[in-house]
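Coordinate analysis (summary)
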Amino acid sequence: MANTCILTDSTAQFPIPAFEGRSLVNIVPLDISPYNGKPAEQLRAHDFPRSAPLNFSARLQAPSIDSFEKQFLNLGKSYSGIVAILHTTSLSQTYSNAAKAASRLEGQVEIEVIDANTIATGLGLVVQTASQAAEQGGTVTEISELIRSMLPRVYSVFCIPSLSYLRHNGFLGQAQSIVGEHLKMLPIYVIEAGELNPTQKARNHRHLVDLLHEFITEFDTLDHLGLIQGIPPFETETRSLRERLALDFETLNISEHTISPELSLMIGPRSLGMFLLQSEYE
């Protein structure tokens, strides 16, 4: 039977499109309801409004327990074990449903389900590390231990102007979201202990760059910085950030992606995401 395989979800965005062990990575999709006459597979971030109205119909649905059970059983026919690495549990029921499905199959298939405590490029970085270990013959236990030791070095930061999306998903009250958007606030959130927590508010876009730069330069060395651009993109801000970082770090791998439809429905299509991988031996 083949090596251990990796299972992740469709919120993952990979800094390197063709990475070692890519053939061992399987992706379970989150379901998006049709919106404005478009089927889910055709929807992109720019299809969603800047602000989510109270009657906003677009919904994001985590894969069901039964879907995960079916996926695990199918993969178990071809692989010796499965390591499922999924986006942070606070943003959907994906991890919870996978864990319940794995418990149903205890003793039938060797499965380890890991809450990555991140999403998008952060999740992609973690999955790439796992796939490399799987390609090199790592067992479920070895890969799980490697990933759990890596997770404390992954940091996820978001600027979320469209607070109505947080209200739409039950993360924020209606009054807070209305006032925040009316005042054109630029709140910054981080994922800490699996939760999406507000930390600071940028006064304007220049101050936003200052705050992001300050956060990054708290680290002496970084292995990677991933940026997720919203719709429209923060082009001026990220260019300014890159210019500053060129003076702070001699070499820093930076990747950039457009926000996915899944993440757009969670935190809004105008959001900016930043994912840092701290060097192991800083």
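This section reports on the structure supplied with the text. (Residues numbered from 1 in each chain as written. Predicted model: local features only at pLDDT ≥ 70, side-chain atom pairs only at ≥ 80, totals over all residues. Heavy atoms only, no water.)

**What to know about the packing of helix H7 (residues 205–216) against helix H8 (residues 235–248)**
- At their nearest, the axes of H7 and H8 sit 10 Å apart, and the two run at 35 degrees to each other. Viewed along their axes, H7 and H8 form a crossing whose handedness is right-handed. Contacts between H7 and H8 involve His 205, Val 209, Asp 210, Leu 212, His 213 and Ile 216 on the former and, on the latter, Glu 237, Ser 240, Leu 241, Arg 244, Leu 245 and Asp 248. (Axes fitted to C-alpha atoms, helices over the stretch in contact; angles between N-to-C directions. Helix = DSSP H or I, 4+ residues; strand = E, 2+ residues; numbered from the N terminus. Left-handed = near helix turned anticlockwise from the far one by under 90°. Contact = heavy atoms within 4.5 Å.)

**Some thoughts on the environment of Ile 228**
- The residue Ile 228 is located in strand S10 (residues 222–229) in this model.
- Expressed as a C-alpha distance, the spacing of Ile 228 and Ser 255, which sit 27 residues apart in the sequence, is 8.6 Å.
- Residues within four places of Ile 228 in sequence aside, it is in contact with Gln 13, Ala 120, Thr 121, His 257, Thr 258, Ile 259, Leu 263, Ser 271, Leu 272, Gly 273 and Phe 275.

**Describing the nonpolar core**
- One finds Ile 6, Phe 72, Ile 85 and Ile 147 to be the most contacted residues of the largest nonpolar core, which totals 41 residues.
- Those elements that provide at least two residues to this core are strand S1 (5–9), strand S2 (25–28), helix H1 (65–76), strand S5 (82–86), helix H2 (94–104), strand S6 (111–115), helix H3 (120–135) and helix H4 (140–150).
- Ranked by residue count, the leading element in this core is H3, at 7 residues.
- Apart from the residues within four sequence positions on either side, Ile 6 is in contact with Leu 24, Val 25, Asn 26, Val 83, Ile 85, Val 127, Ala 130, Ser 131, Ala 134 and Ile 143. (Core = buried A, V, L, I, M, F, W, Y, C linked by side-chain atoms within 4.5 Å. Buried < 20%, exposed > 50% of the residue type's maximum accessible area, 1.4 Å probe, protein only.)

**Focus on the sheet that holds S10**
- Sheet architecture is open: 6 strands sit in the order S9-S8-S7-S12-S10-S11, paired in mixed fashion. Of all strands in the sheet, those with a lone pairing partner are strand S9 (195–202) and strand S11 (254–258), marking the two edges. Each adjacent strand pair in this sheet contributes to an overall mean axis angle of 20 degrees, direction not counted.
- Bridge count between S10 and strand S12 (residues 272–278): 6 bridges; the pairing is antiparallel. If you follow His 224 over to S12, its bridge partner there is Leu 277.
- Strand contacts of H8: S10, S11 and S12, with the helix running at about 165 degrees to S10, the strand carrying the most contacts. (Pairing = 2+ DSSP bridges.)

**Considerations on the side chain of Thr 8**
- Residue position: Thr 8 is located in strand S1.
- Given a relative accessible area of 0%, Thr 8 falls into the buried group.
- A distance of 2.8 Å separates the side chain of Thr 8 from the backbone oxygen of Ile 85, its partner in a polar contact.
- If we skip the residues at most four places from it in the chain, Thr 8 touches Phe 14, Val 25, Asn 26, Ile 27, Val 28, Ile 85, Leu 86, Leu 123 and Val 127. (Polar contact = N/O pair within 3.5 Å; in protein donor to acceptor, adjacent residues only side chain to side chain.)

**Details of the packing of aromatic side chains**
- A complete count under the given rule lists 9 aromatic pairs for this structure.
- Three or more aromatic residues joined by ring pairs form one cluster here, namely Tyr 35, Phe 48, Phe 56 and Tyr 165. (Phe/Tyr/Trp six-rings, centres within 6.5 Å; stacked < 30°, edge-to-face > 60°.)

**Here we look at the side chain of Ser 10**
- Mapped onto the elements of the fold, Ser 10 is located in the loop between S1 and S2.
- When near neighbours in sequence (up to four residues on either side) are disregarded, Ser 10 contacts Ile 27, Val 28, Pro 29, Leu 30 and Glu 262.

**Brief notes about the environment of His 257**
- Note on placement: His 257 falls in strand S11.
- Residue classification places His 257 among the buried residues on the basis of a relative accessible area of 17%.
- Considered as a pair, His 257 and Gln 229 are 28 residues apart in the sequence and their alpha carbons are 6.0 Å apart.
- Filtering out sequence-adjacent residues up to four positions away, His 257 remains in contact with Gln 13, Phe 14, Pro 15, Thr 121, Leu 227, Ile 228 and Gln 229.

**Re H3**
- Taking 1.5 Å per residue, 16 residues should reach 22 Å; H3 reaches 22 Å between its end C-alpha atoms and fits that length.
- Taking burial as the measure, the 16 residues of H3 include 13 buried ones, the bulk of the element.
- The first or second residue beyond H3 is Gly 137, which carries a positive phi of 95 degrees. (Expected span 1.5 Å × (residues − 1).)

Everything listed here is a matter of coordinates, which is why it stays silent on function.
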